[in-house]
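# Descriptive structure summary
What follows is each chain in one-letter form.
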Amino acid sequence: MSGTMTEAPVGTGSRTLSAAGAATRTLARAEAVRLLRHPAVLAGFAVYLAQWAASAYSGDDSYPVLHDEDRYTQVTLLLIAAGTLLAANLAALRSHRHGTDAMFDLLVLPPWRRTGAHLLALVPVTVLSAVLSGARIGYAAAQDAAVGSPSVAELATGPVVVLLAGAIGVLAAHVVRSVVAAPLTLAALGIVTVAGALQPKSGARWWGLIGIEDENVPPLPTALTHRPVTWHLLYLAALVVLVATVAVLRAGGRSTAVKATAGLALLTVLGTGVAQQGGLPDEVRKARATAENAPSSQQVCVESGGVDYCAFPEFKDRHRQWAEVTEGVLRWVPQAAREKPYAVRQHVFLNTVDDGVLPPLPVAKWAADDRAAGTPGAVPIGTDWGTHSDSAGDHMLGFAGGFAHRAVTGEAPASAGNQTICRARGATTLWLAVQATDGTREAYDSLSGRSFGGIPLNTFNAATGFSVNAREQDLVRTLLTRPDAEVGAKVKQGWTKLTAPDTTTDEAASLLGVPAPPAAREGEEGQCR
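Here is a short report on the structure shown in this document. (Residues numbered from 1 in each chain as written. Predicted model: local features only at pLDDT ≥ 70, side-chain atom pairs only at ≥ 80, totals over all residues. Heavy atoms only, no water.)

## Considering the pattern of salt bridges
One pass over the full model with this rule turns up 13 salt bridges. As a salt-bridge pair, Asp370 and Arg345 come within 2.8 Å of each other at their nearest N and O atoms. Pair noted here: Asp370 is in helix H15 (residues 363–373) and Arg345 is in strand E3 (residues 342–346), with a separation of 25 residues, a long-range link. Asp370 sits in the buried class, given a relative accessible area of 4%. Several salt bridges share partner residues, and in doing so they unite Glu154, Arg205, Glu213 and Arg227 into one network. (Salt bridge = Lys/Arg side-chain N within 4 Å of Asp/Glu carboxyl O. Helix = DSSP H or I, 4+ residues; strand = E, 2+ residues; numbered from the N terminus. Buried < 20%, exposed > 50% of the residue type's maximum accessible area, 1.4 Å probe, protein only.)

Next comes the structure, spelled out in structure tokens:
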């Protein structure tokens, strides 16, 4: 009995189509239930939830940037997509695996309608994936330190990928009548995804399932990013239609409507695929140049605790976390030093490593912009924050060190190179930075375990920043074993001497009431500036 789509007899067409449609929907509901219960799908959901729980427990979600978190939801949904592909393929192959194809040909539904039912059965798992994606971004948005706004198109991409994966599983069952087709297809898709992840700046990655960015780069304001996510979503949706119609055609549903839909879907896939390959728009390129060299025109400022905080609008609320650090530093500073004007300005640094050499920060341009904006000597800060990664923790501690240096010396950095803070100033600066908050202490513990011969205090991935020599770090280690209040009181009392450039480390130890650290051996200390 042929499975090719045919016209119904005259006078019975409407009733026949209605009955066939009802039978298709009934089969789809049954297959949807079986799909949701399939071990591969359940495993995908279980791993997804386990990863979410682990991320929440570890604190990785404490400082979310929502316009980055929305695309992270796509990566985790790949777990569910993989399970859906395997389960959908096995479901479509069930009659072949059980040797009952001939029996099914005697039923009221032709093969192409049964294939349609398998495709419709993917809807519930897709909807559930969308619910999880929404719940994940809702959880992130509920965090006290959340900043930014998510994109609906980014959030919709993950569930559409789940739907596409299931449709590919159904199609694979009609192309290769073997259970090995799905694992091989899944492996091929995995290779494509990994290849795209290894080329985060290549437009070719958008031909795959998701466009992965370089996650080692700090977050950017959305005005400085370019992700053709709307075109990519349309591209994926067209792929779903194309794969589904080809599966129906392979199953014998060769009506003119199905063929026309497949042709239109193919054209749409090609059109949207090309559209998402456009390079960086000129307006984004210009906005990036301005943001990197003179960001004040793009920012808003708020005042808190006597400190002005200037940030890109999406990061404005991050000033609450910055203020915790600045207040932690200033609480042990004498009143006269506290009353000086302080400012913090957010910056982005987009230059990349060239031939293995880190480029310097445009310190002179930043200083000129600060003066023009009425915030001379503003302490620079980046866009990443928290201890969820070594990089973010290092930058957070670097900001604390930069602000402490500003309080200790009363000056903003004037050099585009590295500056080693020595003697009493170095020890005072480092202690003020480390003890500022629990987060800066955690970041210091992590960084000190990865550093030798001193400790760097860099706010950006650049060849510009502060560092403290090993001997001063040894003194700070001793100070950290004492109560903060005890050390802080002595810092206030000896402030004038501790912040003098010629006060030695031994003198600082005496003022702070702790033993002096061992003398440095030749070559262990960096050059002081």
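## Here's the deal with the sheet that holds strand E4 (residues 379–381)
If you walk across this open sheet you meet the 4 strands as E1-E2-E3-E4, and the pairing is mixed. The sheet terminates laterally at strand E1 (300–304) and E4, the two strands that pair on one side only. When the angles between neighbouring strand axes are averaged without regard to direction, this sheet yields 20°. Inspection of the sheet shows E1 paired to strand E2 (residues 307–311) by 5 bridges, in the antiparallel sense. By the bridge assignment, Cys301 is partnered in E2 with Cys310. Contacting E1, E2, E3 and E4, helix H13 (residues 319–330) crosses the sheet at an angle of about 150° to E2. (Pairing = 2+ DSSP bridges. Axes fitted to C-alpha atoms, helices over the stretch in contact; angles between N-to-C directions. Contact = heavy atoms within 4.5 Å.)

## Points about the state of the cysteines
With the rule as written, the count across this model stands at 1 disulfide. The disulfide that involves Cys301 links it to Cys310, with 2.0 Å between the sulfurs. Its torsion about the S-S bond being 110°, the disulfide of Cys301 and Cys310 is classed as right-handed. According to the relative accessible area criterion, Cys310 is buried, its value standing at 1%. (Disulfide = S-S within 2.5 Å.)

Such coordinate-based values are descriptive only and should not be taken to indicate function.
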